[in-house]
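Topology and contacts: notes
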Amino acid sequence: MSQPTAGAPAVPKARSCPFLPPDGLADIREAAPVTRATFTSGREAWLVTGYEQVRALLRDPSFSVQVPHALHTQDGVVTQKPGRGSLLWQDEPEHTADRKLLAKEFTVRRMQALRPNIQRIVDEHLDAIEAQSGPVDLVKTFANPVPSMVISDLFGVPVERRAEFQEIAEAMMRVDQDVAATEAAGMRLGGLLYQLVQERRANPGDDLISALITTEDTDGVVDDMFLMNAAGTLLIAAHDTTACMIGLGAALLLDRPDQLALLREDPSLIGNTVEELLRYLTIGQFGGERVATEDVELGGVRIAEGEQVVAHVLAADFDPAFVEDPERFDITRRPAPHLAFGFGAHQCIGQQLARIELQIVFETLFRRFPTLRLAKPVEELRFRTDMVFYGVHELPVTW
């Protein structure tokens, strides 16, 4: 088995094409799909870039999500604290137990029932855009507010608090700020969620928090902290990821008129289009961090107990061993089991909602605006290299 090497190279970040993985990442994967690398924090850890190796890592219970250091921030401080209901930062057995409580609220059937409300939200925002004269910023007017309203409706966030929630969500996703700023945003979110939970306890409604309050809870774990952790995790994750995919996906489709023309000619391709966008853009640009809880072998490499590992899902989704000609964006490609939603026990619990939302968004946007085009060249756009999830900060469009 391989051993660590001295002087591990830095993980590539620069992109010559903003829609493709960082330059040099493919070379690392080809040379060694499991290798040592130096991360933003200055710490060395294992970098996993091969598709099969990333899948093996994400399904192996020998790796914990409760890492000692944050590899992708300058200070390396871990700000997330594991707790009941937090899902993303839980290990077994609490993770499975808590996910089971939440999963029944995210079934395919329940998510499909949200289609009319999502369509209404999308239509209302496009009505407002249509009433303007271009150019408009599609991120500010559409990509950000639509998922914010969808998830806020699902959780019963009052209309007057939604702008504050959206602001907090953006603050918590930055990787270029000090730990105090991140913790301050977390405190603001905690205050908002505590008020929301108390309001739902006093006046239950037709929302997810109310459903959890009244769910069968034989172990007595669904207390205020559980509800706040669950709501905070899902609100932030569901809003920011979908907003990024809408903005970045629209930019990519507008930059690839041949593929957009195929979708306009055949709207039945919308399912394929969303899956290819998810694979091609895989917005979790830094990957998922884990720490080995025992000595373990991964891809022929010995990883010692206590060593940190990063599952680089973006690199994995461009592995030619997984998909042929991975750098070709092709909405007619047969959908493949990409890792945009993760894999294993921590696979995204809200992925069906995200798929439905993205299908409605892109089908409606390009149907209603057949002449939609970028108002600024792609090379002049500001991309979210400073955030946990990749995307565009703004997207000026006209029609």
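Quick summary incoming for the structure in this document.

Conventions used here
- Residues numbered from 1 in each chain as written.
- Predicted model: local features only at pLDDT ≥ 70, side-chain atom pairs only at ≥ 80, totals over all residues.
- Heavy atoms only, no water.
- Helix = DSSP H or I, 4+ residues; strand = E, 2+ residues; numbered from the N terminus.
- Rg over C-alpha atoms; globule rule 2.2 N^0.38 Å.
- Buried < 20%, exposed > 50% of the residue type's maximum accessible area, 1.4 Å probe, protein only.
- Contact = heavy atoms within 4.5 Å.
- Areas by Shrake-Rupley, 256 points an atom, 1.4 Å probe, with all protein chains shown as cover.
- Lys, Arg positive; Asp, Glu negative; His and termini not counted.
- Charge placed at Lys NZ, Arg CZ, Asp CG, Glu CD.
- Pairing = 2+ DSSP bridges.
- Axes fitted to C-alpha atoms, helices over the stretch in contact; angles between N-to-C directions.
- Core = buried A, V, L, I, M, F, W, Y, C linked by side-chain atoms within 4.5 Å.
- Phe/Tyr/Trp six-rings, centres within 6.5 Å; stacked < 30°, edge-to-face > 60°.
- Lys NZ or Arg CZ within 6 Å of the ring centre and 35° of its normal.

This brings us to the overall build of the protein. From N to C terminus, the protein includes 15 helices and ten strands. Against the globule reference of 21 Å for 399 residues, the protein gives a C-alpha radius of gyration of 21 Å, in line with a compact fold. Expressed along its principal axes, the backbone C-alpha trace of the protein runs to roughly 60 × 55 × 35 Å. Split into buried and exposed, the 399 residues of the protein put 54% on the buried side. When contacts within the protein are restricted to residue pairs at least 6 apart in sequence, long-range pairs at least 24 apart make up 72% of them. As displayed, the protein has an accessible area near 17100 Å², and 52% of this comes from carbon and sulfur atoms. The centroid of the 38 positive side-chain charges in the protein is displaced by 3 Å from the centroid of its 58 negative side-chain charges.

Across the sheet, three strands lie side by side as β4-β10-β9; this open sheet has antiparallel pairing. Single-partner strands in this sheet number two, and they are β4 (136-137) and β9 (373-374).

The strands making up a sheet associate through backbone hydrogen bonding, with each pair oriented either parallel or antiparallel. With mixed pairing, the five strands of this open sheet are ordered in space as β1-β2-β8-β5-β3. Strands at the two margins of the open sheet, each flanked by one partner only, are β1 (34-38) and β3 (63-64). Relative to strand β5 (residues 288-292), β3 runs antiparallel, the two sharing two bridges. What sits directly across from serine 64, in β5, is valine 291. On top of the sheet, helix α2 (residues 51-58) reaches β1, β2 (44-48), β3, β5 and β8 (308-311); it is set at about 125° to β8, its chief contact.

As a further point, take the nonpolar core. Counting 88 residues, the largest nonpolar core has Phe19, Phe142, Phe155, Leu281, Phe362, Leu365 and Leu395 as its most contacted members. With 17 residues, the top contributor of residues to this core is helix α11 (residues 224-255). Beyond its immediate stretch of four places on either side in the chain, phenylalanine 142 contacts Val122, His125, Leu126, Ile129, Pro147, Ile246, Val361 and Leu365. Judged by nonpolar contacts, the second largest core, of 21 residues, contains Val48, Phe63, Val309 and Val323.

A few words on the packing of aromatic side chains. For the structure on display, the rule yields seven aromatic pairs. Here phenylalanine 19 and phenylalanine 383 contribute two aromatic rings whose centre-to-centre distance is 6.1 Å and whose plane-to-plane angle is 85°, an arrangement assigned as edge-to-face. Residue phenylalanine 19 is found in the segment before α1 (25-31), and its partner phenylalanine 383 is found in the loop between β9 and β10 (396-398); the two are separated by 364 residues along the sequence. Pair check on accessibility: phenylalanine 19 and phenylalanine 383 agree, each one buried. Judged by centre distance (5.8 Å) and plane angle (15°), the rings of phenylalanine 383 and tyrosine 390 are stacked. Taken as a pair, phenylalanine 383 and tyrosine 390 share a single burial class, namely buried. Linked through ring pairs, Phe19, Phe383 and Tyr390 together constitute an aromatic cluster. Here the basic side chain of arginine 15 rests over the ring of tyrosine 390, its NZ or CZ set 3.7 Å away from the ring centre.

To continue, consider unusual backbone geometry. The linkage connecting glutamate 92 with the following residue, proline 93, adopts the cis geometry, with an omega of 0°. Structurally, the position occupied by proline 93 is in the loop between β3 and α3 (94-103). Even without being a glycine, leucine 87 presents a positive backbone phi close to 55°. Along the chain, leucine 87 falls in the loop between β3 and α3. Residue class for leucine 87 comes out buried when judged on its relative accessible area of 5%. A positive phi angle is found at aspartate 325, which is not glycine, with a value near 50°. Taking the relative accessible area as the measure of exposure, aspartate 325 reaches 40% and is therefore partly exposed.

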